[in-house]
Amino acid sequence: MPIYEYQCKACGHLMEALQRMSDAPLTDCPACNKAELNKLISAAGFRLKGGGWYETDFKTGSKKNLAGDAAKPKSDSGASGSSSAGSSSSGAGAA
């Protein structure tokens, strides 16, 4: 279900409401009890309910090991540094 943001025109109170898309917009402000609430346009917020929502659920191959990925760029950058050094020596030999 989406989370909508509302702001009261009368008192400026900001609030969020968890509502269905088919629900009517809220109108009464809980802070000042006036019918001055406006639905704000903002980035959509939502809540994932239930168990089993992990960032690796839909990833394949080497993308699944996120903890190990942090260590890999260090070794990759070292390998690319040595290969670039090899390229420069090859370039020097070609010149």
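Above this note sits the structure.
Here the structure is a predicted model, which is why all the values come from computation and not from measurement.

*Asks:* Talk me through the overall build of the protein; I want residue IDs and the actual numbers.
*Replies:* Helix and strand content of the protein: two helices and four strands. Start at the N end of the protein and walk to the C end: the helices and strands fall as β-β-β-β-α-α. By the burial criterion, 8% of the 95 residues in the protein qualify as buried. In the protein, the share of contacts with a sequence separation of at least 24, taken over all contacts with a separation of at least 6, comes to 33%. Counting every atom, the protein has about 7400 Å² of accessible surface; 56% of that belongs to carbon and sulfur.

*Asks:* Describe the packing of aromatic side chains, naming the residues involved and giving the relevant values.
*Replies:* Under the criterion given, the structure shown has zero aromatic pairs. The positively charged end of lysine 39 is found above the aromatic ring belonging to tyrosine 4, 4.1 Å away from the centroid.

*Asks:* Now, about the side chain of glutamine 19: what can you tell me, with residues and values included?
*Replies:* Note that glutamine 19 resides in the loop between strand 2 (14-18) and strand 3 (37-39). Polar contacts involving the side chain of glutamine 19 include one to the side chain of tyrosine 6, which spans 2.6 Å. If sequence neighbours within four positions are ignored, glutamine 19 has contacts with Met1, Pro2, Tyr4, Tyr6, Ala24 and Leu26.

What counts, and where the lines are drawn
- Residues numbered from 1 in each chain as written.
- Predicted model: local features only at pLDDT ≥ 70, side-chain atom pairs only at ≥ 80, totals over all residues.
- Heavy atoms only, no water.
- Helix = DSSP H or I, 4+ residues; strand = E, 2+ residues; numbered from the N terminus.
- Buried < 20%, exposed > 50% of the residue type's maximum accessible area, 1.4 Å probe, protein only.
- Contact = heavy atoms within 4.5 Å.
- Areas by Shrake-Rupley, 256 points an atom, 1.4 Å probe, with all protein chains shown as cover.
- Phe/Tyr/Trp six-rings, centres within 6.5 Å; stacked < 30°, edge-to-face > 60°.
- Lys NZ or Arg CZ within 6 Å of the ring centre and 35° of its normal.
- Polar contact = N/O pair within 3.5 Å; in protein donor to acceptor, adjacent residues only side chain to side chain.

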